[in-house]
Amino acid sequence: MSIWTELTPIELSLSYVDAGGVLTRSLRAGAGEPVVFLHGTSGHLEAFTRNLPAHAAHYECHAIDMLGHGYTGKPDHPYEIHRYVEHLLAYFDATGIERAHIVGESLGGWVGARTAIDHPDRVASLQLLCAGGTVANPEVMERIRTSTRKAVESDDVELTRKRLRLLMADPADATEELVQVRHAIYHSPEFAANLDNLLCLQDLPTRLRNILRPDDLARITQPTLIVWGRQNPFGEIPEAAAMHEAISGSRLELFEECGHWPQHEKADVYNPLSLAFLAENSAGGS
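Below is a short write-up of the structure. (Residues numbered from 1 in each chain as written. Predicted model: local features only at pLDDT ≥ 70, side-chain atom pairs only at ≥ 80, totals over all residues. Heavy atoms only, no water.)

**Topic: the overall build of the protein chain**
Each helix and strand counted, the protein chain has 14 helices and 8 strands in total. Its C-alpha radius of gyration of 17 Å places the protein chain within 12% of the 19 Å reference for a compact globule of 286 residues. Considered along the principal axes of its C-alpha atoms, the protein chain spans approximately 50 × 40 × 40 Å. Looking at the protein chain as a whole, 58% of its 286 residues qualify as buried. For the protein chain, the proportion of contacts with a sequence separation of at least 24, taken over those separated by at least 6, is 73%. In the structure as shown, the protein chain presents an accessible area of about 11300 Å², 52% of it carried by carbon and sulfur atoms. Charge-centre separation for the protein chain: the mean point of 24 positive side chains lies 3 Å from the mean point of 39 negative side chains. (Helix = DSSP H or I, 4+ residues; strand = E, 2+ residues; numbered from the N terminus. Rg over C-alpha atoms; globule rule 2.2 N^0.38 Å. Buried < 20%, exposed > 50% of the residue type's maximum accessible area, 1.4 Å probe, protein only. Contact = heavy atoms within 4.5 Å. Areas by Shrake-Rupley, 256 points an atom, 1.4 Å probe, with all protein chains shown as cover. Lys, Arg positive; Asp, Glu negative; His and termini not counted. Charge placed at Lys NZ, Arg CZ, Asp CG, Glu CD.)

Below, the structure is given as structure tokens:
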């Protein structure tokens, strides 16, 4: 199954949007209330190709390459969380989004949560998929930093394959097409030159400056769905449980035989769960 085979059932546009001076790659499909999909560290919008057709049948979907990622512009400064939030809101403004449902995986969840805290009027609901930003684990941070840097600094596609497979419980979910997409991104001159800026959150002092503490999470008032893989290599289940406890009224779902990309690895389980959550919390929901 190809990415484009997965996307064929929907009418879509792939374009570049000027978001506050940063050209931002955006895949858009569907109509209705906006749902914005945000990927993880060193990721790209293709992380959501298994989800867009189901969601675009009911919502206006936006999957973007975040600041400094994929084929989006790469200004030369460290990408701390407030920078991602500024870029996301600039994208909202550029595309006429007043308020959106945010689906954020890993780093995307961190950015989505911070946006919900600091700009609650712009966020209708929140889905945190193996979201980062609540702990600073030096071992995990080093794994992310080392595996990414090796894959970027070497032409050996096997290192990109290993970096992508690190996310999945089943290596088969790291398809060769995804490997090739990521390898091409990693080996663009702009991405390689920008790597230190992109990896700054794996530096302990920087991470601690940006971390989401329980009192931060307690300020999230939007309906929140937390999804976690039981085999998530970048975060233990107690991390998800603590997030759930801190966010009043949130819902926690644990996926079996699943790693760090629950929306991709378990799309058949995630899509109906996400759509039911969105229906409950949309303007026309029950």
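**A short note on the pattern of salt bridges**
Taken as a whole and judged by the stated rule, the model has 16 salt bridges. The shortest N-O distance in the salt bridge between R50 and D173 comes to 3.2 Å. Taken together, the positions of R50 in the loop between β3 (34–38) and α2 (52–56) and D173 in the loop between α6 (157–165) and α7 (176–186) put the pair 123 residues apart, joining distant regions of the chain. Note on R50: relative accessible area 23%, which makes it partly exposed. (Salt bridge = Lys/Arg side-chain N within 4 Å of Asp/Glu carboxyl O.)

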